[in-house]
Amino acid sequence: MTFTAAPATVVVDGGYELAEGGRWIDGRYVYVDILSGRLFELRDGTVPHQLAGLDMPLGAVAPVADRPGTWIAAAGTGIALLTADGAVEWLDRPEDRTHVPSRMNDGAADPAGRFWAGSMAYDGSPGAGSLYRTDPDGTVVRVLDGLTIANGPAFTADGTTLYFADTAAGTIFRCRVDLLSGDLSGGPETFAQLHHGEGSPDGMTVDAEEGLWVAMWGAGAVRRYHSDGRLLHTLTVPAPHPTSVCLHPGEDRLFVTTARYGVTNPTVASGAVLSVPVPVRGTAACSWRGRGVS
(Lines give C-alpha, C1' and ligand atoms only; values in the text may rest on other atoms or scores of the structure.)
Protein backbone atom coordinates (compact mmCIF):
# COMPACT_ATOMS: atom_id res chain seq x y z
CA MET A 1 0.00 0.00 0.00
CA THR A 2 1.37 3.40 -0.95
CA PHE A 3 0.28 6.91 -0.11
CA THR A 4 0.73 9.53 -2.82
CA ALA A 5 0.10 13.26 -2.75
CA ALA A 6 -1.64 13.61 -6.10
CA PRO A 7 -0.62 16.60 -8.25
CA ALA A 8 -4.24 17.40 -9.02
CA THR A 9 -5.16 20.04 -11.58
CA VAL A 10 -8.37 22.03 -11.27
CA VAL A 11 -10.09 21.52 -14.63
CA VAL A 12 -13.28 23.37 -13.68
CA ASP A 13 -13.17 25.87 -10.81
CA GLY A 14 -15.25 25.26 -7.69
CA GLY A 15 -18.81 26.47 -7.69
CA TYR A 16 -20.87 23.29 -7.83
CA GLU A 17 -22.69 22.49 -4.62
CA LEU A 18 -22.56 18.73 -5.17
CA ALA A 19 -20.84 17.73 -8.42
CA GLU A 20 -21.03 13.97 -8.97
CA GLY A 21 -21.71 11.16 -11.42
CA GLY A 22 -18.67 11.76 -13.65
CA ARG A 23 -18.58 9.46 -16.70
CA TRP A 24 -16.62 9.31 -19.97
CA ILE A 25 -19.21 9.21 -22.77
CA ASP A 26 -18.70 9.59 -26.53
CA GLY A 27 -15.37 11.41 -26.26
CA ARG A 28 -16.43 13.80 -23.52
CA TYR A 29 -16.62 13.94 -19.75
CA VAL A 30 -20.19 14.19 -18.47
CA TYR A 31 -21.18 15.02 -14.87
CA VAL A 32 -24.01 16.49 -12.81
CA ASP A 33 -24.51 19.03 -10.06
CA ILE A 34 -27.03 17.01 -8.05
CA LEU A 35 -28.82 19.62 -5.97
CA SER A 36 -29.21 22.16 -8.77
CA GLY A 37 -30.44 19.48 -11.19
CA ARG A 38 -27.94 20.34 -13.94
CA LEU A 39 -26.13 18.10 -16.43
CA PHE A 40 -22.82 19.20 -17.97
CA GLU A 41 -20.34 18.01 -20.57
CA LEU A 42 -16.67 18.89 -20.74
CA ARG A 43 -14.58 18.48 -23.87
CA ASP A 44 -10.82 19.03 -24.02
CA GLY A 45 -9.94 22.67 -24.39
CA THR A 46 -13.45 23.94 -23.72
CA VAL A 47 -15.47 25.31 -20.85
CA PRO A 48 -18.31 23.18 -19.44
CA HIS A 49 -21.49 23.16 -21.49
CA GLN A 50 -24.84 22.65 -19.79
CA LEU A 51 -26.83 19.88 -21.46
CA ALA A 52 -29.92 19.90 -19.24
CA GLY A 53 -31.43 21.66 -16.25
CA LEU A 54 -34.20 20.14 -14.13
CA ASP A 55 -36.31 21.58 -11.32
CA MET A 56 -35.35 18.59 -9.13
CA PRO A 57 -32.16 16.86 -7.99
CA LEU A 58 -30.28 14.99 -10.71
CA GLY A 59 -28.19 12.11 -9.35
CA ALA A 60 -26.62 10.63 -12.49
CA VAL A 61 -27.26 9.81 -16.14
CA ALA A 62 -26.34 7.23 -18.78
CA PRO A 63 -26.75 7.57 -22.54
CA VAL A 64 -29.61 5.77 -24.23
CA ALA A 65 -28.39 3.50 -27.04
CA ASP A 66 -29.38 4.53 -30.57
CA ARG A 67 -31.05 7.73 -29.34
CA PRO A 68 -28.43 10.51 -29.58
CA GLY A 69 -29.01 13.29 -27.08
CA THR A 70 -31.33 11.18 -24.90
CA TRP A 71 -30.36 10.15 -21.37
CA ILE A 72 -31.73 7.83 -18.73
CA ALA A 73 -31.53 9.63 -15.42
CA ALA A 74 -31.78 9.01 -11.71
CA ALA A 75 -33.71 12.20 -10.96
CA GLY A 76 -36.05 13.47 -8.29
CA THR A 77 -37.91 10.50 -6.88
CA GLY A 78 -37.38 8.08 -9.74
CA ILE A 79 -36.06 7.11 -13.15
CA ALA A 80 -36.77 9.21 -16.23
CA LEU A 81 -35.71 9.72 -19.82
CA LEU A 82 -34.34 13.16 -20.66
CA THR A 83 -34.94 13.72 -24.36
CA ALA A 84 -32.91 15.89 -26.71
CA ASP A 85 -35.67 18.55 -26.73
CA GLY A 86 -35.58 18.86 -22.94
CA ALA A 87 -38.67 16.79 -22.14
CA VAL A 88 -38.82 14.47 -19.11
CA GLU A 89 -40.47 11.06 -19.65
CA TRP A 90 -40.96 9.19 -16.38
CA LEU A 91 -40.47 5.43 -16.25
CA ASP A 92 -41.30 5.17 -12.53
CA ARG A 93 -41.07 7.22 -9.34
CA PRO A 94 -40.63 4.60 -6.61
CA GLU A 95 -39.37 7.05 -4.01
CA ASP A 96 -42.80 8.69 -4.03
CA ARG A 97 -43.95 5.57 -2.21
CA THR A 98 -41.47 5.73 0.66
CA HIS A 99 -42.29 6.71 4.24
CA VAL A 100 -39.83 9.65 4.36
CA PRO A 101 -39.01 12.35 1.76
CA SER A 102 -36.31 10.83 -0.44
CA ARG A 103 -34.42 11.35 -3.68
CA MET A 104 -32.46 9.38 -6.21
CA ASN A 105 -28.67 9.42 -5.99
CA ASP A 106 -25.79 8.02 -8.07
CA GLY A 107 -26.34 5.62 -10.96
CA ALA A 108 -24.68 3.86 -13.91
CA ALA A 109 -25.48 1.51 -16.79
CA ASP A 110 -24.01 -1.99 -16.86
CA PRO A 111 -22.45 -3.79 -19.87
CA ALA A 112 -25.71 -5.68 -20.47
CA GLY A 113 -27.59 -2.42 -21.02
CA ARG A 114 -29.42 -2.09 -17.71
CA PHE A 115 -29.39 1.07 -15.56
CA TRP A 116 -28.74 0.88 -11.82
CA ALA A 117 -29.25 3.70 -9.32
CA GLY A 118 -29.44 4.23 -5.58
CA SER A 119 -31.61 6.40 -3.37
CA MET A 120 -31.48 8.09 0.02
CA ALA A 121 -33.69 10.01 2.43
CA TYR A 122 -33.12 13.76 2.51
CA ASP A 123 -32.54 13.57 6.27
CA GLY A 124 -30.32 10.49 6.00
CA SER A 125 -32.79 8.24 7.81
CA PRO A 126 -31.08 4.89 8.42
CA GLY A 127 -32.34 2.11 6.17
CA ALA A 128 -34.48 4.37 3.97
CA GLY A 129 -32.35 3.99 0.84
CA SER A 130 -32.63 1.40 -1.91
CA LEU A 131 -30.81 0.13 -4.97
CA TYR A 132 -32.84 -0.03 -8.21
CA ARG A 133 -32.36 -1.66 -11.60
CA THR A 134 -34.06 -0.41 -14.77
CA ASP A 135 -34.40 -3.17 -17.34
CA PRO A 136 -34.40 -2.61 -21.12
CA ASP A 137 -38.22 -2.80 -21.20
CA GLY A 138 -38.39 0.20 -18.86
CA THR A 139 -39.38 -1.75 -15.74
CA VAL A 140 -37.84 -0.34 -12.55
CA VAL A 141 -37.05 -3.05 -9.99
CA ARG A 142 -36.10 -2.49 -6.35
CA VAL A 143 -33.14 -4.85 -6.00
CA LEU A 144 -32.10 -4.09 -2.43
CA ASP A 145 -33.55 -2.04 0.41
CA GLY A 146 -32.50 -1.25 3.97
CA LEU A 147 -29.59 0.91 2.81
CA THR A 148 -29.04 4.46 4.01
CA ILE A 149 -27.16 6.29 1.23
CA ALA A 150 -26.88 3.96 -1.77
CA ASN A 151 -24.02 5.22 -3.88
CA GLY A 152 -21.57 4.56 -6.69
CA PRO A 153 -22.72 1.53 -8.66
CA ALA A 154 -19.80 0.28 -10.79
CA PHE A 155 -19.27 -2.86 -12.86
CA THR A 156 -16.46 -5.04 -14.11
CA ALA A 157 -16.03 -5.12 -17.90
CA ASP A 158 -17.81 -8.47 -18.23
CA GLY A 159 -20.80 -7.21 -16.24
CA THR A 160 -20.78 -10.09 -13.77
CA THR A 161 -19.64 -8.10 -10.74
CA LEU A 162 -21.35 -5.06 -9.22
CA TYR A 163 -19.80 -2.80 -6.62
CA PHE A 164 -21.78 -0.25 -4.65
CA ALA A 165 -21.50 1.59 -1.36
CA ASP A 166 -23.67 2.46 1.58
CA THR A 167 -21.90 5.73 2.27
CA ALA A 168 -23.38 6.30 5.72
CA ALA A 169 -22.38 2.81 6.87
CA GLY A 170 -18.85 3.15 5.45
CA THR A 171 -19.30 -0.12 3.57
CA ILE A 172 -18.38 -1.11 0.01
CA PHE A 173 -20.34 -4.14 -1.22
CA ARG A 174 -19.70 -6.59 -4.04
CA CYS A 175 -22.37 -8.69 -5.77
CA ARG A 176 -22.47 -11.29 -8.52
CA VAL A 177 -24.91 -10.41 -11.29
CA ASP A 178 -26.69 -12.84 -13.59
CA LEU A 179 -25.96 -11.57 -17.09
CA LEU A 180 -29.29 -12.66 -18.57
CA SER A 181 -31.72 -11.59 -15.86
CA GLY A 182 -29.81 -8.92 -13.95
CA ASP A 183 -30.66 -10.68 -10.70
CA LEU A 184 -28.10 -10.79 -7.92
CA SER A 185 -26.60 -14.21 -7.24
CA GLY A 186 -26.98 -14.31 -3.48
CA GLY A 187 -26.82 -11.35 -1.17
CA PRO A 188 -24.13 -8.66 -1.33
CA GLU A 189 -20.85 -9.39 0.42
CA THR A 190 -18.76 -6.80 2.23
CA PHE A 191 -15.81 -5.93 0.00
CA ALA A 192 -14.33 -3.25 2.30
CA GLN A 193 -15.35 -1.71 5.61
CA LEU A 194 -14.14 1.80 6.37
CA HIS A 195 -13.47 2.93 9.91
CA HIS A 196 -13.77 6.22 11.76
CA GLY A 197 -11.44 8.83 10.28
CA GLU A 198 -10.97 7.04 6.95
CA GLY A 199 -13.80 8.84 5.17
CA SER A 200 -16.98 7.48 3.62
CA PRO A 201 -17.12 5.64 0.28
CA ASP A 202 -18.88 7.61 -2.46
CA GLY A 203 -18.70 7.33 -6.27
CA MET A 204 -16.55 4.59 -7.79
CA THR A 205 -15.28 3.08 -11.03
CA VAL A 206 -13.47 -0.06 -12.18
CA ASP A 207 -10.25 0.36 -14.16
CA ALA A 208 -8.87 -1.65 -17.10
CA GLU A 209 -7.02 -3.93 -14.67
CA GLU A 210 -10.20 -4.57 -12.61
CA GLY A 211 -9.03 -2.36 -9.77
CA LEU A 212 -11.75 -0.44 -7.93
CA TRP A 213 -11.33 3.32 -7.45
CA VAL A 214 -13.44 4.96 -4.74
CA ALA A 215 -13.93 8.63 -3.84
CA MET A 216 -13.66 9.04 -0.07
CA TRP A 217 -16.08 11.72 1.14
CA GLY A 218 -14.74 13.59 4.16
CA ALA A 219 -11.18 12.32 3.74
CA GLY A 220 -9.90 14.33 0.76
CA ALA A 221 -8.77 11.10 -0.83
CA VAL A 222 -9.34 8.50 -3.52
CA ARG A 223 -8.59 4.85 -2.86
CA ARG A 224 -7.70 2.09 -5.31
CA TYR A 225 -8.46 -1.49 -4.30
CA HIS A 226 -7.32 -4.76 -5.86
CA SER A 227 -10.17 -7.04 -6.92
CA ASP A 228 -9.32 -9.27 -3.94
CA GLY A 229 -10.03 -6.39 -1.54
CA ARG A 230 -6.47 -5.27 -0.81
CA LEU A 231 -5.97 -1.52 -0.59
CA LEU A 232 -3.33 -0.66 -3.22
CA HIS A 233 -3.09 3.13 -3.27
CA THR A 234 -4.45 6.22 -1.57
CA LEU A 235 -4.33 9.49 -3.51
CA THR A 236 -4.87 12.75 -1.70
CA VAL A 237 -6.85 15.50 -3.42
CA PRO A 238 -7.12 19.19 -2.44
CA ALA A 239 -10.79 19.05 -1.44
CA PRO A 240 -12.32 17.33 1.61
CA HIS A 241 -15.34 15.91 -0.23
CA PRO A 242 -14.48 14.04 -3.44
CA THR A 243 -17.70 12.55 -4.78
CA SER A 244 -17.02 10.56 -7.96
CA VAL A 245 -14.13 9.19 -9.97
CA CYS A 246 -13.77 8.52 -13.72
CA LEU A 247 -10.76 7.15 -15.58
CA HIS A 248 -10.07 8.41 -19.09
CA PRO A 249 -10.20 5.46 -21.52
CA GLY A 250 -7.37 6.77 -23.71
CA GLU A 251 -5.10 8.67 -21.34
CA ASP A 252 -3.61 8.00 -17.92
CA ARG A 253 -5.89 10.48 -16.16
CA LEU A 254 -8.39 10.31 -13.35
CA PHE A 255 -11.22 12.84 -13.18
CA VAL A 256 -12.59 13.61 -9.72
CA THR A 257 -15.69 15.63 -8.88
CA THR A 258 -15.93 17.35 -5.51
CA ALA A 259 -18.51 19.16 -3.39
CA ARG A 260 -18.79 22.53 -1.66
CA TYR A 261 -21.65 21.12 0.38
CA GLY A 262 -20.65 20.86 4.03
CA VAL A 263 -17.30 22.64 3.57
CA THR A 264 -16.73 25.49 6.03
CA ASN A 265 -13.99 27.28 4.10
CA PRO A 266 -14.27 26.14 0.47
CA THR A 267 -11.49 26.75 -2.06
CA VAL A 268 -11.55 26.59 -5.86
CA ALA A 269 -11.04 22.83 -5.53
CA SER A 270 -14.25 22.41 -3.51
CA GLY A 271 -17.16 21.90 -5.88
CA ALA A 272 -14.74 21.47 -8.78
CA VAL A 273 -13.67 18.95 -11.39
CA LEU A 274 -10.09 17.79 -10.84
CA SER A 275 -7.68 15.86 -13.05
CA VAL A 276 -5.02 13.58 -11.57
CA PRO A 277 -2.32 11.64 -13.48
CA VAL A 278 -2.51 7.90 -12.73
CA PRO A 279 -0.81 4.85 -14.28
CA VAL A 280 -3.96 3.08 -15.49
CA ARG A 281 -6.90 3.72 -17.80
CA GLY A 282 -10.60 3.11 -17.64
CA THR A 283 -13.41 2.36 -20.08
CA ALA A 284 -16.16 4.47 -21.58
CA ALA A 285 -19.51 4.46 -19.83
CA CYS A 286 -22.11 1.91 -20.92
CA SER A 287 -25.47 2.79 -22.44
CA TRP A 288 -28.98 1.83 -21.39
CA ARG A 289 -30.38 -0.32 -24.16
CA GLY A 290 -34.06 0.49 -23.78
CA ARG A 291 -36.41 -1.30 -26.11
CA GLY A 292 -39.88 -0.15 -27.02
CA VAL A 293 -39.88 2.84 -24.66
CA SER A 294 -41.33 5.96 -26.26
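Residues numbered from 1 in each chain as written. Predicted model: local features only at pLDDT ≥ 70, side-chain atom pairs only at ≥ 80, totals over all residues. Heavy atoms only, no water.

Novice: Explain the layout of surface pockets to me, using residue names and the numbers behind them.
Specialist: Roughly 430 Å³ of internal volume is contained in the largest pocket. Along its surface, the largest pocket is lined by 28 residues, and Phe155, Thr205, Thr283, Ala284 and Ala285 are the ones closest to its centre. Looking at the lining of the largest pocket, the elements with two or more residues in it are strand S3 (19–25), strand S7 (58–63), strand S11 (102–109), strand S15 (150–155), strand S19 (200–206) and strand S23 (242–247). The element that contributes the greatest number of residues to the lining of the largest pocket is S3, accounting for 4 residues. The residue inventory of the lining of the largest pocket, partitioned by class, reads 21 nonpolar, 4 polar and 3 charged. What the second largest pocket holds in volume is close to 310 Å³. For the lining of the second largest pocket, a count of residues per class yields 8 nonpolar, 4 polar and 3 charged. (1 Å grid on protein atoms, 1.4 Å probe; cavity = no way out; pocket = protein on both sides within 12 Å on 5 of 7 lines; lining within 4 Å. Points joined across faces, edges and corners; volume = space filled by probe spheres on them. Helix = DSSP H or I, 4+ residues; strand = E, 2+ residues; numbered from the N terminus. Nonpolar A, V, L, I, M, F, W, Y, C, P; charged D, E, K, R; others polar.)

Novice: Explain the sheet that holds strand S9 (residues 78–82) residue by residue, including any values.
Specialist: Strand order across the open sheet formed by 4 strands is S7-S8-S9-S10, with antiparallel pairing between neighbours. Among the strands making up the open sheet, the edge pair consists of S7 and strand S10 (88–92). The average angle at which neighbouring strand axes cross in this sheet is 30°, direction not considered. (Pairing = 2+ DSSP bridges. Axes fitted to C-alpha atoms, helices over the stretch in contact; angles between N-to-C directions.)

Novice: Describe the environment of serine 119, with residues and values.
Specialist: By the secondary structure assignment, serine 119 is in strand S12 (residues 115–121). Along the sequence, serine 119 and glycine 27 sit 92 residues apart, while their C-alpha atoms lie 29 Å from each other. What serine 119 contacts, discounting residues up to four positions off in sequence, is Glu95, Arg103, Met104, Asn105, Ala128, Gly129, Ser130, Tyr132, Thr148, Ile149 and Ala150. A polar atom in the side chain of serine 119 sits 3.2 Å from the side chain of glutamate 95. (Contact = heavy atoms within 4.5 Å. Polar contact = N/O pair within 3.5 Å; in protein donor to acceptor, adjacent residues only side chain to side chain.)

Novice: Go over the pattern of salt bridges with me, naming the residues and quoting the values.
Specialist: Within the structure shown, the criterion is met by 16 salt bridges. The partner of arginine 43 in a salt bridge is glutamate 41, with the nearest N and O atoms 3.7 Å apart. Take glutamate 41: its relative accessible area is 10%, and that puts it in the buried class. Its salt-bridge partner being arginine 253, residue glutamate 251 comes within 2.9 Å of it at the nearest N-O pair. Since its relative accessible area comes to 31%, glutamate 251 is described here as partly exposed. (Salt bridge = Lys/Arg side-chain N within 4 Å of Asp/Glu carboxyl O. Buried < 20%, exposed > 50% of the residue type's maximum accessible area, 1.4 Å probe, protein only.)

Novice: For the packing of aromatic side chains, give the residues involved together with the corresponding values.
Specialist: The relation between two aromatic rings is expressed through the spacing of the ring centres and the mutual angle of the planes. Counted according to the given criterion, the structure contains 10 aromatic pairs. Aromatic side chains tryptophan 24 and phenylalanine 255 sit 5.9 Å apart centroid to centroid with 20° between the ring planes, which places their arrangement in the stacked category. A residue pair is termed long-range when its members are at least 10 positions apart, and tryptophan 24 in strand S3 and phenylalanine 255 in strand S24 (residues 253–258) qualify at 231 residues. For tryptophan 24, a relative accessible area of 8% corresponds to the buried category. Phenylalanine 255 gets classed as buried once you look at its relative accessible area, which sits at 2%. (Phe/Tyr/Trp six-rings, centres within 6.5 Å; stacked < 30°, edge-to-face > 60°.)

Novice: Outline the sheet that holds S3, listing residues and values.
Specialist: Taken in spatial order, the 4 strands of this open sheet run S3-S4-S5-S6, and their pairing is antiparallel. One side of each edge strand has no neighbouring strand; the edge strands of this open sheet are S3 and strand S6 (49–53). Strand after strand, the sheet turns through a mean of 25° between neighbouring axes, direction not considered. Of the strand pairs in this sheet, strand S4 (residues 28–33) and strand S5 (residues 38–42) are connected by 5 bridges, and their pairing is antiparallel.

Novice: Quick rundown of the state of the cysteines? Include the residues and the values.
Specialist: Structurally, a disulfide amounts to a covalent bond that connects the sulfur atoms of two cysteines. The full count for this structure, using the stated rule, is 0 disulfides. Considering cysteine sulfurs only, cysteine 286 is the nearest to cysteine 175, which forms no disulfide, with 17 Å between them. Cysteine cysteine 246 shares no disulfide, and the gap to the nearest cysteine sulfur, in cysteine 286, comes to 12 Å. (Disulfide = S-S within 2.5 Å.)

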